[in-house]
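Summary of structural features
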Amino acid sequence: MTSLQHVNPTVKGIRESAHSGLQSLAAHVTQEIAQGVQKPFKEVIDISSGDPHKAGMKPISFVRQVLAVCLHPELLGNTTLPWDVRLRAQRLLEVCDGGSVGSYTDSSGIPHVRQSIAEFIMRRDVGVHSHAKDVFISAGSQRGLLVILKLLASGEGDTQTGVLTPRPCPHTLPTLLDDAGVALVPYQLMEDRGWAVDLSELHRALKCDRGGCNPRAIYISNPGTPTGHVQDWKSIEEVIRFAAAERLLLLVDEVYQDSVYGQGKEFISFKRVLFEMGKEYSGTVQMVSLHSLSSACMGECGLRAGYMELVNMDPEVTHFVDTMLCTDISSPVTGQLALDLMVNPPRPGDPSYDTYTQEILLIQATLSQNAQRAHEFLNDLPGMSSQPAKGGIYLYPRLHLPSEIIEKAKKLEVEAGVLYCQMLLKEEGVFLGAGCQNGETTGNHYLRLCILVPAETLEEVLARLASFHLRLMDTCPYPDRGVKGRDIRDTL
Amino acid sequence: MKKLDSTVLARRANQIKEELRQKLRKPYKRVIDLYWGDPHAAGVKPLSFVRQVLAACLYPDLVNSNTLPVDVRQRAQKLLGECAGGSVGSYTATAGIPEIVHRISEFITKRDGGAPSDPKNIYISPGSQWALRNILKVLVNSQASPRTGVLTPGPCYPLTNFTIEGLGGVTVPYCLSEEQGWELQVEELHRALDSAKGVCNPVALYVINPGNPAGYVQSRKTMQEVIRFASEKRLFLLADEVYQECVHGEKSEFLSYKRVLSEMGPPLSDTVELASFHSASKGFMGECGLRGGYVELVNLDPDVMKCIYKLFSTDSCAPVLSQIALDLMTSPPQPGDPSYPLYSEEIQHIKTMMVHNVKRVFEVLNSLPGFSCQPVEGGAFAFPRLHLPPKAIQKAKEMEMETDLFYCMRLLEETGVLVQPGMENGPKEGTLHIRFCIMTPEDTMEEILSRLSSFHTQFMKDFS
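Residues numbered from 1 in each chain as written. Chains lettered and ligands numbered in written order. Predicted model: local features only at pLDDT ≥ 70, side-chain atom pairs only at ≥ 80, totals over all residues. Heavy atoms only, no water.

**Points about the overall build of chain A**
Each helix and strand counted, chain A has 18 helices and 14 strands in total. Taking 23 Å as the expected radius of gyration for a compact globule of 492 residues, we find that chain A reaches 23 Å, a close match to that expectation. Summarising its shape, the C-alpha atoms of chain A cover approximately 70 × 65 × 60 Å along the three principal directions. The buried share of chain A, taken over its 492 residues, is 61%. Summed over all atoms, the accessible surface of chain A reaches about 19000 Å², with 51% contributed by carbon and sulfur. Taking the average location of the 45 positive side-chain charges in chain A and that of its 58 negative ones, the two points are 2 Å from each other. (Helix = DSSP H or I, 4+ residues; strand = E, 2+ residues; numbered from the N terminus. Rg over C-alpha atoms; globule rule 2.2 N^0.38 Å. Buried < 20%, exposed > 50% of the residue type's maximum accessible area, 1.4 Å probe, protein only. Areas by Shrake-Rupley, 256 points an atom, 1.4 Å probe, with all protein chains shown as cover. Lys, Arg positive; Asp, Glu negative; His and termini not counted. Charge placed at Lys NZ, Arg CZ, Asp CG, Glu CD.)

Here it is as structure tokens:
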């Protein structure tokens with residue numbers, strides 16, 4: 001019989017995720033409630049991950065209507081649906097074999113959708129060209145990223161491929177790197193500057209690890225996940241120059257590009273900056289940028305589709321990307337079509353335009369207001385400090401835990417932030433993420449919460465969190481108040 | 001890693017489609033693409049109930065309108081209640097929505113005459129190959145020396161072999177006996193295993209039942225022999241059963257490996273490690289584009305199960321719509337439900353179509369000199385054998401092409417029919433085959449057989 005010793009070492013080496021432990025606990029608590037166990041709360045509220053629909057955010061009507069018609073083309077004759085919905089569904093069905101979303105497609109995506117995405121990128125990055133052949137659709141952006149990482153991966157020990165990875169990073173990234181067999185080389189983001197990227201820190205990280213592995217790529221997310229940092233032009237340029245000088249492949253996660261709300265902030269794509277840096281950069285720097293249906297406005301995580309655009313990559317490499325995507329067969333057709341709707345929304349004059357615009361504005365307003373509210377609220381709690389987020393869908397406040405809690409965690413052999421989350425879950429039914437899942441190893445403790453939730457849900461979470469947190473702080477005599485992150489406006 | 005050689009044919013097919021769009025004159029009006037097992041692409045209609053429920057799940061306003069039958073609306077409502085936030089856009093648990101996984105385990109138990117099925121052993125994935133890939137990844141150590149081997153049938157579904165090699169493993173082919181209706185003979189399994197000595201370390205045995213590309217349905221006796229062999233040689237049994245709904249032979253019956261194993265009793269039933277795969281892509285639903293499948297794991301070490309869970313968790317979850325499709329496949333409308341009459345009519349129509357198609361394929365191809373075709377008992381493909389004249393083989397050599405690819409290219413150019421060259425499936429050395437999908441409307445199949453017959457007759461004459 002196959003036993004652990006026979007299991008592929010790469011699989012054995014995938015680290016245990018603290019997140020799954022908390023997920024099991026949340027499921028357990030939910031089950032207890034279902035069985036009638038008395039608790040001070042009626043249900044568990046889970047805002048540990050970026051899953052807006054789960055939290056109660058509504059999907060975009062236009063998207064759902066078009067997809068419903070594509071699934072059930074008899075609805076083409078249903079006049080209660082706006083004509084632009086039906087026309088778009090008809091056009092999309094024409095690019096599906098046999099006029100059905102149940103047919104296979106090319107592994108890298110339906111050509112029509114790849115073209116739509118290329119055109120979207122060109123519109124977004126005014127003046128920069130984009131080709132459909134450089135756009136690859138995968139079942140979620142992480143799946144595309146995995147293909148790239150696998151192509152990079154080689155060697156073991158000090159020749160093992162390494163990827164410079166921010167700390168904190170998205171909580172799913174460390175296990176993905178393990179799965180690909182590449183080493184994680186952390187570079188610290190600067191908390192006191194709103195989690196900015198620091199060039200000297202990039203150099204330090206690289207130098208420190210050159211002996212330990214072979215760094216070949218640098219991963220960065222903008223807007224930052226979970227930090228909420230939005231890079232400005234200069235910062236992006238610095239990173240590009242660094243990657244160019246050190247011959248690192250740029251892996252740029254831009255999934256939350258549609259969620260920048262900080263005043264004076266805007267989303268600038270890495271590609272756009274690259275192409276304004278002159279031929280020596282724009283013709284040579286190799287880059288992969290990622291986007292997905294799991295974006296703020298769409299929130300369609302369950303449809304499973306994302307894309308990556310490859311820039312300046314060797315044609316042989318793109319050939320291999322296509323080959324490797326074959327083993328996944330393809331991204332689900334409904335997801336591919338949803339990507340088309342994401343990059344090609346209703347236009348002014350279309351019947352669906354007003355509703356569409358209202359829904360987008362509502363999502364953006366909710367996000368912006370929640371970010372402000374949560375930041376101020378949490379920052380005011382003793383033993384908690386929060387950097388203002390400028391984009392993205394998370395808040396990442398820091399916990400200044402009393403030594404009693406840290407001691408208790410040590411005794412239980414659990415990370416202190418995780419213990420905090422476990423206790424919060426059991427006592428208040430609130431499920432947040434722990435910073436250690438985001439690669440946090442400095443000894444500081446952080447919480448991760450998704451703020452793309454209905455405002456009432458956020459209020460409920462904040463109330464329960466405050467109640468728990470203050471109780472905890474009260475039981476410990478001398479909490480460390482830490483350095484409060486203040487928005488620059490607060491000091492004016 | 002080598003890419004499948006389908007590119008040259010696929011590229012030419014796309015070119016021809018473009019040429020037809022531009023109204024270039026050809027002896028045919030459209031390309032008939034039978035390369036993949038893709039019923040919808042071939043013109044088979046999706047099941048109405050499935051599409052109606054999915055549409056209502058996507059756009060819940062439909063649940064409250066009278067456009068859809070009441071059982072469709074009730075099912076959609078129930079399913080939406082099982083989705084986080086009532087939306088198919090939310091993530092689900094790694095292995096799938098628990099209620100759906102549970103219902104799948106009930107389907108399996110019912111299908112297998114009561115053999116118990118534990119929901120904890122079931123993972124829903126974006127297609128069965130995704131799950132297969134994960135299981136193979138656990139078993140195949142790319143850095144092992146000697147390399148890990150997996151016994152696979154010849155002929156086989158090409159993607160599986162491709163995946164094994166991509167993971168750093170070695171495929172060890174065992175030949176199916178074409179003259180005996182593609183029977184799997186256990187002596188051949190022994191021979192294959194022996195051939196691996198000194199070459200690789202075989203850890204698993206992959207079987208496809210009903211077959212792909214060859215359309216056999218295994219007998220209980222064969223399956224028992226396979227199970228005993230796997231047990232004796234300590235091989236992990238990987239049973240690809242995605243075509244279980246496609247049984248056309250009158251005397252054939254699908255039995256799952258799980259059922260046969262369970263009915264063999266202990267110690268085998270408690271010890272043979274088995275992974276069985278099913279999918280929403282094949283069978284009556286034919287929803288290849290939704291990307292939904294599942295694996296059921298039996299008799300695995302708990303620590304190994306933990307590793308499998310960890311690996312599946314590195315991806316988010318299967319698309320919610322495909323999870324729902326699997327639920328509809330395993331819990332279809334029942335007699336008495338408003339949708340039942342239409343549903344059973346559509347199913348019957350597909351069944352009749354398949355029986356008609358396999359009969360016609362068998363008749364027509366066997367009547368043509370240079371063709372021989374085993375009866376297609378199950379699956380979605382015909383895999384007839386070509387007996388081509390030496391001149392044709394010579395011409396192919398001159399063009400630096402494999403003979404069956406040469407035949408398929410000519411067929412495509414002259415008739416617009418796209419089929420897969422048999423070499424992709426790794427059949428026995430020195431034999432030539434083509435594979436084509438037979439899940440097509442009846443009139444399309446007649447059209448195909450007509451074009452193929454005239455082409456073949458001419459081809460044989462040209463190279464005689």
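**Considering the overall build of chain B**
Across its full length, chain B carries 18 helices and 14 strands. At 23 Å, chain B has a C-alpha radius of gyration in line with the 23 Å of a compact globule built from 464 residues. By principal-axis analysis of the C-alpha atoms, chain B measures approximately 65 × 60 × 40 Å. For chain B, the residues scored as buried account for 64% of the 464 residues in total. Taking the contacts inside chain B whose residues are at least 6 apart along the sequence as the reference set, 72% of them involve residues at least 24 apart. (Contact = heavy atoms within 4.5 Å.)

**Section: the state of the cysteines**
Residues and elements named next belong to chain A. Inspection of the entire model under this criterion finds zero disulfides over all chains. Looking at C70, it has no disulfide partner, and the nearest cysteine sulfur is the one in C96, 6.7 Å off. Assessed through its relative accessible area of 1%, C70 is described here as buried. Looking at C436, it has no disulfide partner, and the nearest cysteine sulfur is the one in C421, 7.9 Å off. (Disulfide = S-S within 2.5 Å.)

**What to know about the pattern of salt bridges**
A complete count under the given rule lists 47 salt bridges over all chains for this structure. For E309(A), the salt bridge is made with K271(A), and the minimal N-O distance between the two is 2.6 Å. One end of the pair, E309(A), is in strand β8 (residues 306-311); the other, K271(A), is in helix α11 (residues 270-275), with 38 residues separating them in the sequence. Residue R410(B) pairs with D462(B) through a salt bridge whose shortest N-O separation is 3.7 Å. With R410(B) in helix α17 (residues 403-415) and D462(B) in helix α18 (residues 442-462), the pair connects residues that are 52 residues apart, well separated along the chain. Connected through salt bridges with shared partners, the residues R12(B), E19(B), K26(B) and E413(B) form a single ionic network. (Salt bridge = Lys/Arg side-chain N within 4 Å of Asp/Glu carboxyl O.)

**Description of the UniProt feature "domain: Aminotransferase class I/classII large" (unreviewed entry) in chain B**
UniProt tags residues 59-452 of chain B as "domain: Aminotransferase class I/classII large" (unreviewed entry). Counting secondary structure, residues 59-452 of chain B comes out at 43% helix and 15% strand; the distance between its end C-alpha atoms is 44 Å. (UniProt positions renumbered as here; feature names shortened; annotations may be inferred.)

**With respect to the sheet that holds strand β3 (residues 161-167) of chain A**
Residue and element names in this part refer to chain A. What the seven strands build is an open sheet, ordered β2-β8-β7-β6-β5-β3-β4; its pairing is mixed. Both outer strands of the open sheet, β2 (135-138) and β4 (183-188), are each paired with one neighbouring strand and no more. The mean angle between the axes of side-by-side strands here comes to 25°, regardless of whether they run parallel or antiparallel. Sheet topology note: the β2/β8 ladder contains four bridges and is antiparallel. Directly across from V135, in β8, lies its bridge partner E309. Contacts from helix α8 (residues 173-180) reach β3, β4 and β5 (214-221), with the element oriented near 180° to β3. (Pairing = 2+ DSSP bridges. Axes fitted to C-alpha atoms, helices over the stretch in contact; angles between N-to-C directions.)

**Focus: the interface of chain A and chain B**
Facing the 62 residues of chain A at the interface are 66 residues of chain B. Both sides together, the interface formed by chain A and chain B hides about 5500 Å², and carbon and sulfur atoms give 58% of it. Considering only the surface of chain A that becomes buried against chain B, M1(A), L71(A) and Y104(A) emerge as the three largest contributors, covering 13% of it. Viewed at the interface, chain B and chain A are joined by two salt bridges. Taken together, the links from chain A to chain B amount to 27 residue pairs in polar contact (both at pLDDT 80 or more). Contributing elements (two or more residues each) for the side of chain A that touches chain B: α1 (9-12), α3 (52-55), α4 (61-71), α7 (141-152), α8, α13 (315-326) and α14 (333-343) of chain A. Along the lines of polarity and charge, the residues of the side of chain A that touches chain B split into 23 nonpolar, 24 polar and 15 charged. (Buried area = accessible area lost by both parts, 1.4 Å probe. Polar contact = N/O pair within 3.5 Å; in protein donor to acceptor, adjacent residues only side chain to side chain. Nonpolar A, V, L, I, M, F, W, Y, C, P; charged D, E, K, R; others polar.)

**Focus on the side chain of Q336(A)**
All names here are of chain A. Here Q336 is to be found in helix α14. Classification of Q336 by relative accessible area gives buried; the value is 0%. A polar side-chain atom of Q336 sits 2.9 Å from the main-chain carbonyl oxygen of S331. Aside from chain neighbours lying at most four places away, what touches Q336 is T105, G109, I110, V113, I137, A305, S330 and S331.

**Some points on the sheet that holds strand β4 (residues 170-175) of chain B**
Working definition: the strands of a sheet are paired by backbone hydrogen bonds and lie parallel or antiparallel to each other. Residue and element names in this part refer to chain B. Strand order in the open sheet made by the seven strands is β2-β8-β7-β6-β5-β3-β4, with mixed pairing throughout. Of all the strands in the sheet, the pair left with one neighbour each is β2 (122-125) and β4. Across the sheet, the mean angle separating the axes of adjacent strands is 25° when strand polarity is ignored. Where helix α10 (residues 220-232) meets the sheet, its contacts fall on β3 (148-154), β5 (201-208) and β6 (236-240), and the angle it forms with β5 comes to roughly 165°. Running at roughly 95° to strand β7 (residues 274-279), helix α14 (residues 320-330) makes contact with β2, β7 and β8 (293-298) of the sheet.

**Quick look at the packing of aromatic side chains**
For any pair of aromatic rings, the description rests on two quantities: the centre-to-centre distance and the angle between the ring planes. Applying the stated rule across the entire model yields 14 aromatic pairs over all chains. On the basis of an interplanar angle of 65° and a centroid distance of 5.0 Å, the ring pair of Y35(B) and W36(B) is categorised as edge-to-face. For W36(B), a relative accessible area of 37% translates into the label partly exposed. Judged by centre distance (5.0 Å) and plane angle (70°), the ring pair of Y407(B) and F459(B) falls under edge-to-face. Remark: F459(B) occurs in helix α18 and Y407(B) occurs in helix α17; sequence separation between them is 52 residues. With relative accessibility at 0%, the residue Y407(B) sits in the buried group. Residue classification places F459(B) among the buried residues on the basis of a relative accessible area of 1%. One aromatic cluster in this structure is built from F406(B), Y407(B), F455(B), F459(B) and F463(B). Across from the ring centre of F136(A), 5.2 Å away, lies the NZ or CZ of R114(A), which sits over that ring. In this structure, R435(B) packs its charged tip against the face of F381(B), placed 3.7 Å from the ring centre. (Phe/Tyr/Trp six-rings, centres within 6.5 Å; stacked < 30°, edge-to-face > 60°. Lys NZ or Arg CZ within 6 Å of the ring centre and 35° of its normal.)

**Some remarks on empty space enclosed by the protein**
Residue and element names in this part refer to chain B. The final tally for this structure, using the stated rule, is six cavities of 30 Å³ or more. Looking at the largest cavity, its volume works out to about 150 Å³. Lining the largest cavity are 16 residues, with S128, Q129, Y157, V242 and K282 sitting closest to its centre. Those elements giving two or more residues to the lining of the largest cavity turn out to be α7 (128-139) and β5. When grouped by side-chain class, the residues that make up the lining of the largest cavity number seven nonpolar, six polar and three charged. Space inside the second largest cavity adds up to approximately 90 Å³. Tallied by class, the residues present in the lining of the second largest cavity amount to seven nonpolar, six polar and no charged. (1 Å grid on protein atoms, 1.4 Å probe; cavity = no way out; pocket = protein on both sides within 12 Å on 5 of 7 lines; lining within 4 Å. Points joined across faces, edges and corners; volume = space filled by probe spheres on them.)

**Some points on the nonpolar core**
Y420(A), I324(B) and F436(B) are the most contacted members of the largest nonpolar core, which totals 192 residues. Examining the composition of this core, we find that nine residues originate from one element, helix α15 (residues 340-367) of chain B, more than from any other. In this view, I324(B) contacts V53(B), L54(B), C57(B), L79(B), V88(B) and I100(B); residues no more than four positions away in its chain are not counted. Residues L132(B), Y257(B), C288(B) and V298(B) belong to the second largest nonpolar core, which totals 73 residues. (Core = buried A, V, L, I, M, F, W, Y, C linked by side-chain atoms within 4.5 Å.)

**Some details on helix α9 (residues 186-195) of chain B**
All names here are of chain B. Among the residues of α9, those classed as buried are V186, E188, L189, A192 and L193. With its buried residues spanning 150° around the axis, α9 presents them on a single face. The inward-facing, buried residues of α9 abut β3, β4, β5 and α10. (Arc of directions from axis to C-beta.)

**Comments concerning helix α8 (residues 158-166) of chain B**
Residues and elements named next belong to chain B. For α8, the buried fraction is high: seven of the nine residues fall into the buried class. Along α8, the residues that are buried comprise P158, L159, T160, N161, F162, T163 and I164. Looking one or two residues beyond α8, the residue adopting positive phi is G168, at roughly 90°.

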